[in-house]
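Each chain is listed here by its residues.
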Amino acid sequence: MMTITAKINKWNPEPEIIFQAADIIKRGGLVAFPTETVYGLGADALNPEAVKKIYEAKGRPSDNPLILHVANINQVRELVYVNDVAEILMEKFWPAPLTLVMKARDVVPLRTRGGLDTAAIRMPDNPIALALIEAAGTPIAAPSANISGRPSPTDFESVFNDMNGKIEMIIDGGAVEVGIESTVIDITNPEKILMLRPGGMPREILEATLKTHLEVPDLQSKKRSPGTRYRHYAPNIPVIIWKRQEKFPDFDNAAYIGIHEPGLKISSSILFDDIKNFARGLFAAFRKFEKENFSCVIVEWPQDNSGISEGLKDRILRSASRK
Ligand code: AMP
Ligand code: MG
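Note that residues are indexed from 1 along each chain, following the sequence as it is written. All chains are assigned letters beginning with A, and all ligands numbers beginning with 1, in the order in which they are written. Per-residue local features of the predicted model are confined to residues with pLDDT of at least 70, and side-chain atom pairs are confined, for both listing and counting, to 80 or more; whole-chain, interface and lining totals are unaffected and use all residues. Calculation of side-chain values draws on the structure's entire complement of heavy atoms; hydrogens and water are dropped beforehand.

Quick notes on the environment of Ile147
Helix and strand assignments come from DSSP, with helices taken as H or I runs of at least 4 residues and strands as E runs of at least 2, each series counted from the N terminus. Position of Ile147 among the secondary structure elements: in the loop between β7 (140–141) and α6 (156–163). Each C-alpha atom of the pair Ile147 and Met90 lies 30 Å from the other, and the pair is 57 residues apart in sequence. Among residues more than four places away in sequence, those in contact with Ile147 are Lys58, Asp162, Met163 and Lys166. Whether two residues are in contact is decided by their heavy atoms, any of which lying within 4.5 Å being enough.

Given below as structure tokens:
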């Protein structure tokens, strides 16, 4: 398949590009587009045939449900049963890297929600994404626009590398701001809100708003978010975690990513000046170093617990996991 690529102005997206992309979505095709978290691989969330193509292009297991992206809050009421917790969070935070899992209505195809009785929904904070969803006139199901298991794409080149020839169109909206995926919480039971995946929206902000602790799901509820089971975010070279109180790992031809200078001389490194930029640059750094054929990439383990750290540490841990 010939993949159309189009560079777009983020703050003033050219209508002809948006219309072309929306038309592909309406006709059941796939379009990769930027959000504030990572690039998404979008299809009409209400069209099971279109959604099937997402799973095929990514090589994604079919029981791993997709997030439905909306452009306004009214759209949400048609898709799920909205409770008071949802009202508070949508009103206060959206558009934001915050995904809400709620009880699904029948219009959401089983294929989109991986056979579950719930659906995950979010409003992305990116003018291109919002314009596209609006123009398509349908919620857009969009996982990250990478081959399943690989680092999520945070710029156009990464999407092109994984998806060229497999999808109808890629919109180039430049590098993303957040760099890791949304925080996913299950609010179906307002008495027990579950943190299914840490991400771009910090836990402490949600807990302060809801005046409750976000619980980590037990094994039973873990089954409710199948995506968290699979190997994720991994480059083609091993990821080694370095905790600063430990000896720096000694590998030949290793690359390094972190905030602090490594103890040893290292072949190549990327140093970030703060934790936000670390999260923003992690996946692109993985892709850069695998391309440059380093033997492995050593990643500094962040010491912080606040802000984006919980999500960043989750991604580092999982990219280093062999399973
Ligand atoms: P991504 O691959 O980044 O799009 O991941 C989507 C995440 O949302 C995965 O961790 C999924 O397991 C989770 N998710 C999507 N839909 C649901 C749902 N209905 N219930 C629970 N988790 C969901
Ligand atoms: Mg993903």
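The discussion continues.
Structural notes on the pattern of salt bridges
The term salt bridge refers to a pairing of a side-chain nitrogen on Lys or Arg with a carboxyl oxygen on Asp or Glu at a separation within 4 Å. Within this structure, the stated rule accounts for 15 salt bridges. Between Lys10 and Glu177 there is a salt bridge; the shortest N-O distance is 2.2 Å. Here Glu177 lies in the loop between β8 (169–172) and β9 (183–186) and Lys10 lies in the loop between β1 (4–7) and α1 (15–26), a separation of 167 residues in the sequence. For Glu177, a relative accessible area of 34% translates into the label partly exposed. Note that Arg203 and Glu207 form a salt bridge whose closest N and O atoms lie 2.9 Å from each other. Pair noted here: Arg203 and Glu207 are both in helix α7 (residues 203–210), with a separation of four residues, about one helical turn. Each of Arg150, Asp162, Arg287 and Glu290 takes part in salt bridges that share partners, so that together they form one network. Per-residue accessibility, obtained with a 1.4 Å probe over protein chains only, is compared with the maximum for each type, and a residue is labelled buried under 20%, exposed over 50%, and partly exposed between these values.

Digging into unusual backbone geometry
Between Trp94 and the following residue, Pro95, the backbone shows a cis peptide bond with an omega angle of -5°. Here Pro95 is to be found in the loop between α4 (84–93) and β5 (98–103). A positive phi angle, close to 50°, is found at Lys211, a residue other than glycine. Along the polypeptide, Lys211 turns up in the loop between α7 and α8 (219–222). Assessed through its relative accessible area of 72%, Lys211 is described here as exposed. A positive phi angle, near 60°, is found at Asn293, a position not held by glycine. Along the chain, Asn293 falls in the loop between α9 (275–291) and β14 (296–300). Residue Asn293 is classed as exposed on the basis of its relative accessible area, which comes to 60%.

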